[in-house]
Amino acid sequence: MSSKQTPLRPNPKVNETPKDVFLFIPNLIGYSRVLLAGASLYYMPFHPKYCTWLYVVSCLLDAFDGMAARRFNQCTKFGAVLDMVTDRCTTSALLCFLSSEYPRFTILFQSLISLDLASHYMHMYSTLTTGGESHKKIPKEGNWVLRQYYGNNYVLFAFCACNELFFVALYLLSFPPRSPPRLGYLMGMPLSYPYVLAALTFPICAAKQIINCVQMANAARALVDVDLQDRKAAGVHANDKMMKDS
């Protein structure tokens, strides 16, 4: 969720090795996120409390690796990719579990996984293709929605957090409810903290999926523009060669 690709300050230690980069503090935080996510997947089928805490802590650490990268001047492309891959994998794993618990909505969860992976991959690839420094740095002439989304760390964190918390709420609701419900009843419907959490985070989670669609469409347009430029350049070269041959 947090960006690591900020300008590097001069570093007196110029003889860094690959091992040094792998052991950068933000990357160590990234590895701990992977371990916590893996542990949450282990407990996911049978221990919702352990699973939820492990999963939430893994997601919250995502806010600290970027801060550590900037604080210790350890911004790396490896760290940025590790961050994104961990986010995509943990969310996809949770959605896979939800598809097994809510079989009627399997196609919906499959679509959400596909949209999440496709939009972020296309956005990252289009950023690299167009010479961008980071997928989270949207130029001024870029899409307005994406500039608002990526341009403010608080907005980005809120959207990503609510997105994950909505899926966590669905996960908790897949287990038998406590009787009587902790929060009583509302119009005959049992209320619990997961129900309240799901109701509060659903609008932002839905908006996050719309942003993913915007992100994918914007990336597709950027890639097509690059294709047109490449074809135009190739066409000019081809015409020049034809003129010389004639």
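None of these values were measured; they are calculated from a predicted model. (Residues numbered from 1 in each chain as written. Predicted model: local features only at pLDDT ≥ 70, side-chain atom pairs only at ≥ 80, totals over all residues. Heavy atoms only, no water.)

So, on to the packing of aromatic side chains. For the structure shown, the criterion picks out 13 aromatic pairs. Geometrically, the ring pair formed by Y42 and F46 is edge-to-face, given 5.7 Å between the ring centres and 90° between the ring planes. Given the relative accessible area of 48%, F46 is considered partly exposed. Measuring from ring centre to ring centre gives 5.2 Å for Y171 and F175, while their planes differ by 85°; the resulting arrangement is edge-to-face. Given a relative accessible area of 2%, Y171 falls into the buried group. Aromatic rings pair up to connect Y42, Y43, F46 and Y50 into one cluster. We note R71 situated over the ring of F72; from NZ or CZ to the ring centre the distance is 5.3 Å. (Phe/Tyr/Trp six-rings, centres within 6.5 Å; stacked < 30°, edge-to-face > 60°. Buried < 20%, exposed > 50% of the residue type's maximum accessible area, 1.4 Å probe, protein only. Lys NZ or Arg CZ within 6 Å of the ring centre and 35° of its normal.)

For the rest of this paragraph, the subject is a nonpolar patch on the surface. On the surface, a nonpolar cluster with roughly 350 Å² of combined accessible area is contributed by F22, L23, L28 and F78. Counting through the fold element by element, F22 comes out in helix α1 (residues 18–22). (Patch = residues over 30% accessible without salt bridge, like charges linked within 9 Å, V, L, I, M, F, W, Y side chains within 5 Å. Areas by Shrake-Rupley, 256 points an atom, 1.4 Å probe, with all protein chains shown as cover. Salt bridge = Lys/Arg side-chain N within 4 Å of Asp/Glu carboxyl O. Helix = DSSP H or I, 4+ residues; strand = E, 2+ residues; numbered from the N terminus.)

These values are about where atoms sit, not about what they do.
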